[in-house]
Number of protein chains: 4
Amino acid sequence: MKTGKQYIQDMMNMNFELYIDGGKVKGPEVINHPKVRPMINAIAETYDMQHEKDLQESLQCKSHLTGEIISRWTHVPQTVEDNIRKVDITRFANRRIGMCSFRCVQNSFPALLLTAQETDKAKGTHYYNNVVEYIKYFQKNDLVGCPALTDPKGDRKVPAHLQEDPDMYLRVVDKNKEGIVLRGAKMCQTGSVVTYEKIVLPCITHGPGAEAYAVACAVPGNAKGIKNISARYSQDDRRVENPEWDMGNIKYGFHETVVIFDDVFVPWERVFMCGEVEFTGMLVNLIGGTHRPTTGGCKTGWTDVLIGAVQTYAEYNGTSTVSHIRDKITDMIMYNEMMYSCGIASCVKSTWHDGVGMIPDMLLGNNTKYITSKAVYELVRLAEDIVGGIITTLPSDKEFRNPEISHYLDRFYKGARGATAENRARIVRLIENLTYGAGALCHSAAHGGGSGQACKLSMYEFARGEPLESRKRDAQRLCGIIK
Amino acid sequence: MKTGKQYIQDMMNMNFELYIDGGKVKGPEVINHPKVRPMINAIAETYDMQHEKDLQESLQCKSHLTGEIISRWTHVPQTVEDNIRKVDITRFANRRIGMCSFRCVQNSFPALLLTAQETDKAKGTHYYNNVVEYIKYFQKNDLVGCPALTDPKGDRKVPAHLQEDPDMYLRVVDKNKEGIVLRGAKMCQTGSVVTYEKIVLPCITHGPGAEAYAVACAVPGNAKGIKNISARYSQDDRRVENPEWDMGNIKYGFHETVVIFDDVFVPWERVFMCGEVEFTGMLVNLIGGTHRPTTGGCKTGWTDVLIGAVQTYAEYNGTSTVSHIRDKITDMIMYNEMMYSCGIASCVKSTWHDGVGMIPDMLLGNNTKYITSKAVYELVRLAEDIVGGIITTLPSDKEFRNPEISHYLDRFYKGARGATAENRARIVRLIENLTYGAGALCHSAAHGGGSGQACKLSMYEFARGEPLESRKRDAQRLCGIIK
Amino acid sequence: MKTGKQYIQDMMNMNFELYIDGGKVKGPEVINHPKVRPMINAIAETYDMQHEKDLQESLQCKSHLTGEIISRWTHVPQTVEDNIRKVDITRFANRRIGMCSFRCVQNSFPALLLTAQETDKAKGTHYYNNVVEYIKYFQKNDLVGCPALTDPKGDRKVPAHLQEDPDMYLRVVDKNKEGIVLRGAKMCQTGSVVTYEKIVLPCITHGPGAEAYAVACAVPGNAKGIKNISARYSQDDRRVENPEWDMGNIKYGFHETVVIFDDVFVPWERVFMCGEVEFTGMLVNLIGGTHRPTTGGCKTGWTDVLIGAVQTYAEYNGTSTVSHIRDKITDMIMYNEMMYSCGIASCVKSTWHDGVGMIPDMLLGNNTKYITSKAVYELVRLAEDIVGGIITTLPSDKEFRNPEISHYLDRFYKGARGATAENRARIVRLIENLTYGAGALCHSAAHGGGSGQACKLSMYEFARGEPLESRKRDAQRLCGIIK
Amino acid sequence: MKTGKQYIQDMMNMNFELYIDGGKVKGPEVINHPKVRPMINAIAETYDMQHEKDLQESLQCKSHLTGEIISRWTHVPQTVEDNIRKVDITRFANRRIGMCSFRCVQNSFPALLLTAQETDKAKGTHYYNNVVEYIKYFQKNDLVGCPALTDPKGDRKVPAHLQEDPDMYLRVVDKNKEGIVLRGAKMCQTGSVVTYEKIVLPCITHGPGAEAYAVACAVPGNAKGIKNISARYSQDDRRVENPEWDMGNIKYGFHETVVIFDDVFVPWERVFMCGEVEFTGMLVNLIGGTHRPTTGGCKTGWTDVLIGAVQTYAEYNGTSTVSHIRDKITDMIMYNEMMYSCGIASCVKSTWHDGVGMIPDMLLGNNTKYITSKAVYELVRLAEDIVGGIITTLPSDKEFRNPEISHYLDRFYKGARGATAENRARIVRLIENLTYGAGALCHSAAHGGGSGQACKLSMYEFARGEPLESRKRDAQRLCGIIK
């Protein structure tokens, strides 16, 4: 298993290119760019965690494919306990870094395995073996990947193959004996210049006629034809001046891009679906269902930090024992454990699939994400309610360092019983970071891993049929319509 | 294990007395009273279920105390799986009978065992053995009990022993070599005339001076000095005329009483606490924490039926595919699985206690009940939103049977595609029953097993200290206040 | 203006027939039936109120049609102030009687006037004069009416004229020189046997082909061919035994029916629409828009009483100063004034229509009802949260009067500082009545005057077009898309 | 009345100093600073609006003090209509500039007038005349002011005069014949370097011993001893590079500061309270009550723009007719009109005070702000739900202008039916601005003008006593406790 240092060196070696700030940077310039570096730090931390003694039991496990000890981040869950662990380590890691830990691309492995298995069975293809071999490679090299799902989509009501511009969904423009060629783009790419691999997946169900768009495969992050264009997001500019504590989360952060696929070649052994439109629905649903339970650990890790920060702030103000503050802190805990509980329950109710492993309950998994997509706004509202106007009116740490005025700020921003102005300011900046700054959890919770609405639609799909029919029978029997 | 028939015969034999309708009834008159019988039916059903082939794996298990096969309803959970099973069988049984299945008094056993163990350790008492022997007796005879918690309480701000009237909390008025004598009352008693046993428990923490009120013990339902006074609740009068389907749930229902303890004698071997005020807090907290996870199965069973009923009704109206109806049904499913997930998660995070078993996570358990106490109102609102004005304006089944007008009702109440007026009416009555009728889930969810506010206060108690401190450390480290 | 006594005598004289309890009653038997009488009492109270000195300024006004002093309950609002007054007197009256005051049929007058005016203009008909003359008659005789809107509807997805059974919407089956003949039924009829008049109105928009269903007219409550079938609703059975205080609201209550129109003749001068399908949409929308602001006063009157009851109960328990109780009472006030404010605002933004008067803002009016349909559930939840399990476990007043046990109940149900058991019980019964008993406000708020969903759809209709377009322009200008 | 140009020139002339970016700027450098200029633009726009023909009726009115035509922004409301107008023009102006229009300091005038009147009456002081003369001066010179309320507060549980550091609340450190001297700081100062005047007000009720802190007065924005320290807030850094459309709202924005009062002299004629602690509660409550109704117009103007932006975006995506999108847009409208309605209703229920004018209903006014402080989070959630991940992953306009990649972005960000990538990006940036960017409405709604909790506490204060007592009487009468 890699260390953080090895990971950073690897990233240097991958020699990424990134369009940013109106120009282009390359290699170490990318890795050390103030808008990228915080994400490098975060992922490096997840590599280092694997080696901490206390965490080895949680973060290391035996590969069911190779029997070797691997990082749990790369494991395909084989037991209910494996699935629960995944939720728990995600919560743990996210508490550690105060945001997303970027290690959930492996959630797509069971979905890929099961879909490939079914596809092979139905169509005589040989994708399953490709997936297995790729997972072994991924585990052996202790990689971190970036899921490449979201297509540009153009007119949302028009199918991929009927769009005016044929590239509004990523597609296969060429196939030959060696492999396939991809053209198009993937949007909302978290970490494309800080990860080894891209797992390319369809983001919606495609129908007949859209065969070129039914594609799943793995692509090295620095493959020829890949172009990374940096996103601009809340407070990324603040990073450039390298503030002491104005980022709130002083070390870790996100980096997002749009990734252009300008005729990227992928060899067949890395292709997991190519043209089988009738299996896109299955794959898309499975990705959602296997990934979304993790949200129950993911957002909770973040909001554990938010709760800790708000409690700290209330104590700094001398108000932590005021009844309405306690009440609100408890409601924050309620929302937090509610999200977590939903994730855990979907793991408990996993079902076994030969050749794949334990797949979480699809209805409960989607429910986790649907609930999360709303609950975080309540958490943010409660946090900001407690923190007050300071969240948007606090001077910069540059002002705190200006000797002409620092004595004013040190004085007027101090709190109760020895709470210094700087500590109050630091904790406010962290809350700012989490609620609407560079680590804003709302957007991650609202749309990362699929929107609440997508989850809701999935839930209805999984509920209709027997789950609803059996409830109807219970109701009808109780009131005497049926025996 | 008993059958329903045996249970009913036993109840007859117990020869209960009940003050009701301004008078008093006795023995079989109690059991067959139209306001009591539906609850007899419900409990009998839970006894019969134990013998159904498909359910034996779920509903039977091995006693860890005697090694004999017992009803799971009387089991003390020894594994995480045991705790999960308890939630699941409660959901199952409540779906079966469309309401509370009245088999959760055993949730107090782990609380009694652990408290007795600690009390014995600290005080040299011998309660633990009493509890163990009592549980064996309970299991061997396959009993069902009624938890006797809620005291009259008088002025809620005044401690038990300082109340003007000393009997506002149940108390020990005499002790001798053979046993103790109880005086006072227990309110909100669900099923006092349809169960074998009362488990008497304190409902709040008592302090020094209130030793007489620190009492836990087991009392036969028909002990000398017990007086049962029937409650009147929504639509209980409707039962009296024995309607065909106007009750909605045509077979099962509640019965509630106030129970007066008019100097009831309890022998020492059935006493589990007597005077140890310093352990009342522990006992009260443990009862809450071990019971409340079950709510995640309990209310969900009920609302499974509600969802099935509402879906049936929407289909009868021809509106089940309308987008806002689907949307609301999905939201009902969301709330339902949210409650369930919280219950399950608190079981998963159980902790082991030697001599007791697996006790669910106290924070997550309280959270389950707190969330449930709010979520059911959303479920009821959504149900009533879909069902419409018919819920409060439907004629009685007597009118449907009046030949002078039945042809009008049959015609004007029919629905889409062959949905008959009677079937529509039956399902509406069931929804009425569940939402605000004789089986109203809101009140059960709001206050049964402790109010949402009680749970919230418990949550804060379980969160303060290390859980909050560790979150504060995470936050402070991330923003650089501490290393 | 009539007194309550005169009104009751009139009702006796109308000699209504009512199918109830499996049989039929007639004349004074109807008026004195324990399930009907509480509603008679309520309406009589609204008549008596008009003569109270302090209320004359509010409840009397000058008819803009005749110049005579009339009851404001029959007035057609001519000013913003008139509209506000309507909301305010409804709130006042509902506080007085603790429920619906049944005097809002006049909300349909502006809708009928405007639609008749437009219809006459477009089609050369003469409905406007009929409406004017009818309103004069209504005002002169100080009548109270019952709106007859809701049709049986059968398959909700099938238009009226394509239903298998042609009578699933009320229709005109014959026309001649003297008038028209109505056949069908109207459901959810509040007060059909306690009011002088029925205002028959379409409940949905009808299209071409459904001309027979496009009918609006006025029908005497006791017209030949009218058949009233009583509804059964929560706790109506409890009334039969004439309890002292078990009804909660000891004097006032609802009565609901289904009304069959078995070929009812209506003379032309009482017909306001007959066949003009193209104006049904306008009429339906206007009825909603003119009526729904009143909800802002209506439900608030009810919940004023609920708040007063809950505050009383908290004081009886000695908990009214506990922080979470205060917090919840304040939230109840918040929801209450929110509903009221929405009603008031829709009146303030009324628009003038010549020959009609001031019509409230349609978007704000629908918003009032949409918000109300959700807010009452929050109010009920908060009330039940504060009140606790007693709401469903309190014995009947018959038990309180049984000398064998009354001393127990008087003792164990007493509260803090002299709060007697009976007073605690009375206030609990009132809260039961309001939340899920015979005066349940949820159902009235959810579906009375149109469902929340109907309001929501109306809101979108009123918002699309210029209201949304102008907001789009503002947005596009601010970000530079347009100048 | 001034024009925007005159206002800007005046600001230049005031020669403000501002500590920002670690240094200090002065005079025109302040006014043209990229972090300040957007707020200058916004206020200038409000001055220019007054001269637009269509708006003169709304924005100009007659001073009740001088009889001269003045800006309504400086008017003291004398009628219900005046109060409603204030809400409406605030909504209008905020729609125009897409955020706060910064013209509500005049909301404190009625509070100052009434408090001064009562103080003079009780204590023989002469403040009332000072307030009147100051308002005349303010109106005559068509000024804009900045309310200076929020004190540093230190330990929130310790009264001002018992704080370790005596300057944690602004205080009077000296008094002489000419005037008083102020020392301390005011936090959360919106617009201190872009306004003529500061209205200094206490932010909490002070008690005996805290006389030095009971001070209200007017101070020129550039008074000697005033030090402005700039706040850093979300995306203010983005302004520095002067982006084409990355700010979202391309012209208007906020600027916040901390203001140090380093022994600032105020002449007696500008002092409105000095030492009368017993009137601080009245003043603080009145400021809340007279200001908070405006929130009903303020936030609604903002969210009108948000709704327009979201609707635009949905149309760009081709999804505006999808049922769940319509549903969510309608819910956004519901929340918006709910906030507005609450503001309007509090104006309608104003009460007259001789020598002051019409003061809005205090309970309804506080309710407006309490509701607003929660509703905006729902609005933001719904907006982000509709908009999706693009809100946090969109590249900068610098990338859109980089010819090497602009063709990719133009292609992959385009929408349905001719929606260009740039227009989609512009509208997304505007939504970003409103929801969590430089114009974030949540923080303004949560704490601007007092927190939700402060409003809630005020509501309880205004409700206790007769409002609650009369409701208790109604309830007790209805259930027979009293006659």
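What comes next concerns the included structure.

Thresholds, definitions, all that
Residues numbered from 1 in each chain as written. Chains lettered and ligands numbered in written order. Predicted model: local features only at pLDDT ≥ 70, side-chain atom pairs only at ≥ 80, totals over all residues. Helix = DSSP H or I, 4+ residues; strand = E, 2+ residues; numbered from the N terminus. Rg over C-alpha atoms; globule rule 2.2 N^0.38 Å. Buried ≥ 20, exposed ≤ 12 C-beta atoms within 10 Å, placed from the backbone. Contact = placed C-beta atoms within 7 Å. Nonpolar A, V, L, I, M, F, W, Y, C, P; charged D, E, K, R; others polar. Least-squares fit on C-alpha atoms with pLDDT ≥ 70 in both. Axes fitted to C-alpha atoms, helices over the stretch in contact; angles between N-to-C directions. Parallel < 35°, antiparallel > 145°, perpendicular 65-115°, else oblique. Left-handed = near helix turned anticlockwise from the far one by under 90°.

On to the overall build of chain A, then. What chain A contains, in helices and strands, is 18 helices and 14 strands. Taking 483 residues into account, the globule formula puts the C-alpha radius of gyration at 23 Å, and chain A, at 24 Å, falls close to it. For the C-alpha atoms alone, the extent of chain A along its principal axes is close to 75 × 70 × 50 Å. Residues classed as buried in chain A amount to 67% of the 483 residues present. For chain A, contacts bridging at least 24 residues in sequence account for 77% of all contacts bridging at least 6.

With that out of the way, let us pick up the interface of chain C and chain D. Taken together, the 50 residues of chain C in the interface contact 50 residues of chain D. Listed by contribution, the elements that provide at least two residues to the side of chain C that touches chain D are α5 (80–97), α9 (280–317), α10 (323–348), α11 (362–387), α15 (421–436), α17 (452–463) and α18 (466–478) of chain C. Of all the elements, α10 of chain C adds the most residues to the side of chain C that touches chain D, at 12 residues. Of the residues in the side of chain C that touches chain D, the class split is 28 nonpolar, 12 polar and 10 charged.

Attention now goes to the interface of chain C and chain B. Chain C puts 68 residues into the contact, and the matching count from chain B is 68 residues. Top contributing element to the side of chain C that touches chain B by residue count: α11 of chain C, with 5 residues.

So, about the relation of the copies chain C and chain B. Overlay of chain C on chain B (RMSD 0.0 Å): rotation 180°, translation along the axis 0.0 Å. Taken together, the turn and the small shift mark the pair as related by a two-fold rotation axis. A share of 100% of interface residues in chain C that are also interface residues in chain B marks the association as one of identical surfaces.

Our focus in this paragraph is the packing of α9 of chain C against α10 of chain C. Residues and elements named next belong to chain C. Taken N-terminus to C-terminus, the directions of α9 and α10 make an angle of 165°; their axes are 8 Å apart at the nearest point. As the angle between them shows, α9 and α10 are arranged roughly antiparallel. Once α9 is placed against α10, the crossing between them reads as left-handed. Its residues placed into classes, the contact of α9 with α10 shows 13 nonpolar, 10 polar and 2 charged.

Once that is clear, we can look at the relation of the copies chain C and chain D. Between the two chain copies there is a screw-like relation: a rotation about an axis and a shift along it. Rotating chain C by 180° and moving it 0.0 Å along the rotation axis overlays it on chain D with an RMSD of 0.0 Å. Taken as a fraction of all interface residues of chain C, those also at the interface in chain D reach 100%, which identifies the copy contact as same-surface.

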